[in-house]
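# Observations on the three-dimensional arrangement
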Amino acid sequence: MITDDDLTPIDLSDFWDDDESDAVVEPDYIDRQIARIPQYGDDSRWRLASYLDMFADLNPNGSLSPEQREAVDNFVLGYQYQKSSQPTSRAK
């Protein structure tokens, strides 16, 4: 019979790494999806929400609830405002 003393302990502390600092967000991808919203609508909104992990309960079929759609649209407005209000560096 195998006892607990016979088992080799395994360190799994880094297996479930919840540190999201390694996640890379590509502004170019975000900009492309935002630019596509007028043409593709919810498809681009869904891709953006999925890419940014905005919702825990995102439908896998690509549909958004009215609340999710509004949240993505609010993100887009905030993102565009933030980009437009950042000072641009001017070469002297």
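Look a little higher up for the structure.
Below is a summary of the structure that appears in this document. (Residues numbered from 1 in each chain as written. Predicted model: local features only at pLDDT ≥ 70, side-chain atom pairs only at ≥ 80, totals over all residues. Heavy atoms only, no water.)

Residues three or four positions apart in an α-helix share a direction because the helix packs 3.6 residues into each turn. The terminal C-alpha atoms of helix α1 (residues 27–40) lie 19 Å apart, and with 14 residues this matches the ideal 20 Å at 1.5 Å per residue to within 8%. Considered for burial, the residues of α1 that qualify are I30, Q33, I34 and I37. Buried residues along α1 sit against α2 (42–51) and α3 (66–85). Just downstream of α1 lies G41, where phi reads positive at about 60°. (Helix = DSSP H or I, 4+ residues; strand = E, 2+ residues; numbered from the N terminus. Expected span 1.5 Å × (residues − 1). Buried < 20%, exposed > 50% of the residue type's maximum accessible area, 1.4 Å probe, protein only. Contact = heavy atoms within 4.5 Å.)

The next point concerns the nonpolar core. If you look at the biggest cluster of nonpolar residues, it comprises ten residues: I30, I34, I37, L48, A49, L58, L64, V72, V76 and Y79. Of all the elements in the fold, those that place two or more residues in this core are α1, α2 and α3. Beyond its immediate sequence surroundings of up to four residues, I37 is in contact with S44, R45 and V76. (Core = buried A, V, L, I, M, F, W, Y, C linked by side-chain atoms within 4.5 Å.)

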